Amino acid sequence: MNERQQAYFRRKLLDWKEAILRESQGTLSQLQVDSLREADLTDRASSETDWSLELRTRDRQRKLISKIEAALRRIDEGEYGYCEVTGEPISLGRLEARPIATMTVEAQERHERAEKVSRDD
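Predicted model, so just to flag it, every value in this text is computed and none were measured.

Caption draft 1: Quick peek at a negative patch on the surface. Negative charge collects at one region of the surface, where Glu 88, Glu 106, Glu 109, Glu 112 and Glu 115 lie side by side. Within the secondary structure, Glu 115 is located in helix α4 (residues 105-120).

Following this line, the structure appears as structure tokens:
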């Protein structure tokens, strides 16, 4: 992967991370403003369910930020864009669709098949 491509993916990853952090900050602000004050039990239950889903989403995004940071480290170390299993280059199309990818499509498919087999046991 050339320097221009690395710079492109670095910017893409940083922009993605910033967007997630902005959304998280918005959620925190909203949580502080909108406390659960509904008098009606049904309304309160609905609000609690909505916030539970929102917080679960934020938790998933927190984990995503870790993966983004790992991808940025791989760029710094010159390992970005190479499969961690086979060492082969990951296609630019795959990286464009999933910039945090650590495996080629083929290696990922093998990994998922093996994971499914172990779950079925």
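Caption draft 2: Fine view of the packing of aromatic side chains. If you walk through the whole model with that rule in mind, you get 2 aromatic pairs. Measuring from centroid to centroid gives 5.1 Å for Tyr 8 and Phe 9, while their planes differ by 80°, and the two rings are edge-to-face. For Tyr 8, a relative accessible area of 42% gives the class partly exposed. On the basis of relative accessible area, Phe 9 is assigned to the buried category, the value being 3%. Note on Phe 9 and Tyr 80: the rings are 5.7 Å apart at their centroids and 50° apart in plane angle, and the pair reads as tilted. Of the two residues, Phe 9 sits in helix α1 (residues 3-33) while Tyr 80 sits in the loop between α2 (41-77) and α3 (92-97), which places them 71 residues apart along the sequence. Of the aromatic side chains, those joined through ring pairs into one cluster are Tyr 8, Phe 9 and Tyr 80.

Caption draft 3: Spotlight on the pattern of salt bridges. If you walk through the whole model with that rule in mind, you get 8 salt bridges. Of the charged contacts, one joins Arg 58 and Glu 23 as a salt bridge, the two residues approaching to 3.5 Å between their closest N and O atoms. With Arg 58 in helix α2 and Glu 23 in helix α1, this pair connects stretches of sequence that are 35 residues apart. Judged by relative accessible area, which is 16%, Arg 58 ranks as buried.

Rules used in this analysis
Here, residues in each chain are numbered from 1, in the same order as that chain's written sequence. Whole-chain, interface and lining totals are the exception, using all residues; otherwise, since this is a predicted model, local features are given only for residues with pLDDT of at least 70 and side-chain atom pairs are given and counted only at 80 or more. In computing side-chain properties, one takes all heavy atoms of the structure into account and sets aside hydrogens as well as water. Only residues whose relative accessible area exceeds 30% and that take part in no salt bridge are eligible for patches, with like-charged residues grouped when within 9 Å of each other and nonpolar side chains (Val, Leu, Ile, Met, Phe, Trp, Tyr) grouped when within 5 Å. Here the open area of atoms and residues is found with the Shrake-Rupley method and a 1.4 Å probe, where only the protein chains shown may cover a residue. In what follows, salt bridge is the name for a side-chain nitrogen of Lys or Arg lying within 4 Å of a carboxyl oxygen of Asp or Glu. Neither His nor the chain ends is counted toward charge; the positive residues are Lys and Arg and the negative residues Asp and Glu. All charge positions are set by atom: Lys at NZ, Arg at CZ, Asp at CG, Glu at CD. Numbered from the N terminus, helices here are DSSP runs of H or I no shorter than four residues, and strands are runs of E no shorter than two. Working definition: rings of Phe, Tyr and Trp (its six-membered ring) pair if their centres are within 6.5 Å, and the pair is stacked with planes under 30 degrees apart, edge-to-face with planes over 60 apart, and tilted otherwise. The classification of residues rests on relative accessible area computed with a 1.4 Å probe and restricted to protein chains. Under 20% of the type maximum is buried, over 50% is exposed, and intermediate values are partly exposed.

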